[in-house]
Amino acid sequence: MHPPHHGSLTSSTPVLLNALQPRWVLVQSGYRNRFGHPAQAVLDRYRQRAIQWVESPDCGAATWRSAEPDAVQCHRRESRRYWHHGDPNPAHPAVMER
């Protein structure tokens, strides 16, 4: 059994997911990584089991607390810089929201 790590095809096996029954999965992968992690088959396994996931390129630093087991805070989303919010003038195409 391979432990989950970055969402490769061999991570998060059905046996492991069925045994642990996680609510959340944190996928550590690089932005536009050459391996294509997380693999679509792995994300399908999560979808089939209604497991929510957070990917590190989108989330940045993730915070999970046992006192709030249904919530994951993403630093990148919650502490956005002013330039990440887009241009207040929608006619100006230079700034785009991710």
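This one's a predicted model, so the numbers in the text were calculated from it and none came from an experiment. (Residues numbered from 1 in each chain as written. Predicted model: local features only at pLDDT ≥ 70, side-chain atom pairs only at ≥ 80, totals over all residues. Heavy atoms only, no water.)

Asks: I'd like a rundown of the overall build of the protein, residues and numbers included.
Replies: A count of helices and strands for the protein gives four helices and four strands. For the protein, the succession of helices and strands along the chain, N to C, is α-β-α-β-α-β-β-α. When contacts within the protein are restricted to residue pairs at least 6 apart in sequence, those whose partners lie at least 24 apart make up 50%. (Helix = DSSP H or I, 4+ residues; strand = E, 2+ residues; numbered from the N terminus. Contact = heavy atoms within 4.5 Å.)

Asks: Any details on the environment of Val25? Residues and values, ideally.
Replies: Along the chain, Val25 turns up in strand β1 (residues 24-27). Separated by 47 residues in the primary sequence, Val25 and Val72 place their C-alpha atoms 9.9 Å from one another. Residues contacting Val25, with those up to four places away along its chain left out, are Tyr46, Ile51, Gln52, Trp53 and Val54.

Asks: Report on the state of the cysteines, specifying residues and quantitative values.
Replies: Disulfides are covalent bonds that link the sulfur atoms of two cysteine residues. The final tally for this structure, using the stated rule, is one disulfide. Covalently, Cys59 is tied to Cys74 through a disulfide, its sulfur atoms 2.1 Å apart. Between Cys59 and Cys74 the sulfur-sulfur dihedral comes to about -100°; the bridge is accordingly left-handed. With Cys59 in helix α3 (residues 56-59) and Cys74 in strand β4 (residues 68-74), this pair connects stretches of sequence that are 15 residues apart. (Disulfide = S-S within 2.5 Å.)

Asks: So, the pattern of salt bridges: which residues are in play, and what are the values?
Replies: One pass over the structure, following the stated rule, counts two salt bridges. A salt bridge links Arg23 to Asp70; its shortest N-O distance comes to 3.1 Å. You can see Arg23 sitting in the loop between α1 (14-20) and β1 and its partner Asp70 sitting in strand β4, a full 47 residues away along the chain. In this structure Arg23 comes out as partly exposed when scored by relative accessible area, which is 49%. The salt bridge involving Asp44 is made with Arg47; its shortest N-O contact spans 2.8 Å. Of this pair, Asp44 and Arg47 both sit in helix α2 (residues 40-48), separated by three residues, roughly a single helical turn. The exposure class of Arg47 is partly exposed, given its relative accessible area of 45%. (Salt bridge = Lys/Arg side-chain N within 4 Å of Asp/Glu carboxyl O. Buried < 20%, exposed > 50% of the residue type's maximum accessible area, 1.4 Å probe, protein only.)

Asks: Please set out the side chain of Glu55 residue by residue, giving values where relevant.
Replies: Here Glu55 lies in strand β2 (residues 52-55). Despite being buried, Glu55 has no salt bridge partner; Arg47 is the closest side chain of opposite charge, sitting 7.5 Å away. Side-chain polar atoms of Glu55 contact the side chain of Trp53, separated by 3.3 Å. Beyond its immediate sequence surroundings of up to four residues, Glu55 is in contact with Val27 and Pro38. (Lys, Arg positive; Asp, Glu negative; His and termini not counted. Polar contact = N/O pair within 3.5 Å; in protein donor to acceptor, adjacent residues only side chain to side chain.)

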